[in-house]
Amino acid sequence: MKILVTGGAGFIGSNLCEALLEKGYQVVCLDNFATGKMENILPFYSNPNFQLIVGDIRKLDDCQKACESVDAVLHEAALGSVPRSIKDPITSNDVNVSGFLNLLIAARDAKVKRFVYAASSSTYGDSKTLPKTEEVIGKPLSPYAITKYVNELYADVFSKTYGMQCIGLRYFNVFGKRQDPDGAYAAVIPLFIKQLINYQSPTINGDGEYSRDFTYIQNVIDMNILALGYKAEESFSLVFNTAYGERTTLNQLVSYLKEYLTPYDAKISEIEIIHGPNRLGDIPHSLASIDKAKKILGYSPKYSMREGLKEAIDWYYNKLRIN
Ligand SMILES: NC(=O)c1ccc[n+]([C@@H]2O[C@H](COP(=O)([O-])OP(=O)(O)OC[C@H]3O[C@@H](n4cnc5c(N)ncnc54)[C@H](O)[C@@H]3O)[C@@H](O)[C@H]2O)c1
């Protein structure tokens, strides 16, 4: 099988490319390197089963070229980050909504039936229900959340109107190797690891009692593989929470990070933590029910948050100490 991975030079996309190549798939990566990096795809760049197309999902031509003769799409390309979308909603909308639509159209025209895409836990918005079940969502709290919800609506309509098979994976705070620790929109885990390694104090937004269902990248890879393999003749549109199913507060997260980094460098245990104001658009608590994915896809997450954290720390420590 030949799989198109959009955003394949990014954090999640590059991990997907690597896993698919290891399984013997042919992989086409479409990326414009807006946030992706060449170094993310270097480990498998020379694999003859890997093809890179430098292109932009905002251009229909680029999407059409990328969809030629592929059997399925894993659509990861988007502009992530809630704060980025609050600062510049137009660009987030162009990439995440218009780009998504271009890719759906290109996939439809190339007769690519299976379309698996990166949805988001941000779609739960202001819903206070815990754990989050796929059918109960609230109102979006950011432009980013709107874009990700619109993706689900488009996928649903394309399945009904054009007979496609769409699976949205609502990722919950994914972390692991190659997630960018730098820049204004860095995710909390790589950012804090980098700061701690450099003896800088991480700043927690708020009192640290906000919680997240932090999800290790291997669980996300497994969900994508299950979504590709899901057997169905008819068209359909499904969404699944993609998480571990456990909640960790920011205070707990920092204490695990310090605990797991201390064997590498004892001085890290002494670093103080700073608290800043809460961030606009942040939801207080996030916890997934993974029952639907277990029941329908046979998902069983292999890595707890803490097991994943140990692997991620080992990767970051080696990478950041060398650089
Ligand atoms: N990381 C998470 O915790 C998380 C949570 C929920 C949803 N998601 C979604 O998962 C997907 C992957 O996220 P990630 O964390 O790997 O982010 P990332 O920024 O590392 O990867 C996104 C990739 O998309 C590419 N891209 C951006 N705009 C593009 C365009 N116009 N044309 C072509 N390529 C473009 C970037 O260059 C990058 O390689 C995104 O859709 C994101 O919204 C991520």
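Structure's up top.
Throughout what follows, the structure given in this document is the object of discussion. (Residues numbered from 1 in each chain as written. Predicted model: local features only at pLDDT ≥ 70, side-chain atom pairs only at ≥ 80, totals over all residues. Heavy atoms only, no water.)

## Here's the deal with the packing of aromatic side chains
Then comes step 1: Evaluated as defined, the whole model comprises 14 aromatic pairs.
Then comes step 2: Taking the centre distance of 5.1 Å and the plane angle of 75° together, the rings of F44 and F50 count as edge-to-face. Of the two residues, F44 and F50, neither departs from the other in class, the shared state being buried.
Then comes step 3: Arranged with centres 6.2 Å apart and planes meeting at 40°, the rings of F115 and Y117 form a pair that is tilted. Here the two residues F115 and Y117 agree in accessibility, since each one is buried.
Then comes step 4: One aromatic cluster is present, formed by F44, Y45 and F50 through successive ring pairs.
Then comes step 5: Of note, R108 hangs over the ring of Y162, and the distance from its end group to the ring centre comes to 4.5 Å.
Then comes step 6: For the cation-ring pair, K292 lies above F240, with the distance from its terminal atom to the ring centre recorded as 5.3 Å. (Phe/Tyr/Trp six-rings, centres within 6.5 Å; stacked < 30°, edge-to-face > 60°. Buried < 20%, exposed > 50% of the residue type's maximum accessible area, 1.4 Å probe, protein only. Lys NZ or Arg CZ within 6 Å of the ring centre and 35° of its normal.)

## Remarks on helix α8 (residues 217-229)
Then comes step 1: Between its first and last C-alpha atoms α8 spans 19 Å; for 13 residues at 1.5 Å apiece the expected length is 18 Å, and the two agree.
Then comes step 2: The buried fraction of α8 amounts to ten of the 13 residues, a majority that puts the element mostly inside the structure.
Then comes step 3: Those residues of α8 lying buried are I217, N219, V220, I221, D222, M223, N224, I225, A227 and L228. (Helix = DSSP H or I, 4+ residues; strand = E, 2+ residues; numbered from the N terminus. Expected span 1.5 Å × (residues − 1).)

## Description of the site of the ligand
Then comes step 1: I12, D31, T35, D56 and Y144 are the nearest of the 28 residues found near the ligand.
Then comes step 2: One of the side-chain N or O atoms of D31 is found 2.5 Å from an oxygen atom in the ligand.
Then comes step 3: A distance of 2.6 Å separates an oxygen atom of the ligand from a polar atom in the side chain of Y144.
Then comes step 4: Elements supplying a minimum of two residues to the shell around the ligand: α1 (11-22), β5 (114-120) and α6 (143-162).
Then comes step 5: It is β5 that provides the largest number of residues to the shell around the ligand, a total of three residues.
Then comes step 6: Taken together, the residues that form the shell around the ligand break down as 14 nonpolar, nine polar and five charged. (Near = heavy atom within 4 Å. Polar contact = N/O pair within 3.5 Å; in protein donor to acceptor, adjacent residues only side chain to side chain. Nonpolar A, V, L, I, M, F, W, Y, C, P; charged D, E, K, R; others polar.)

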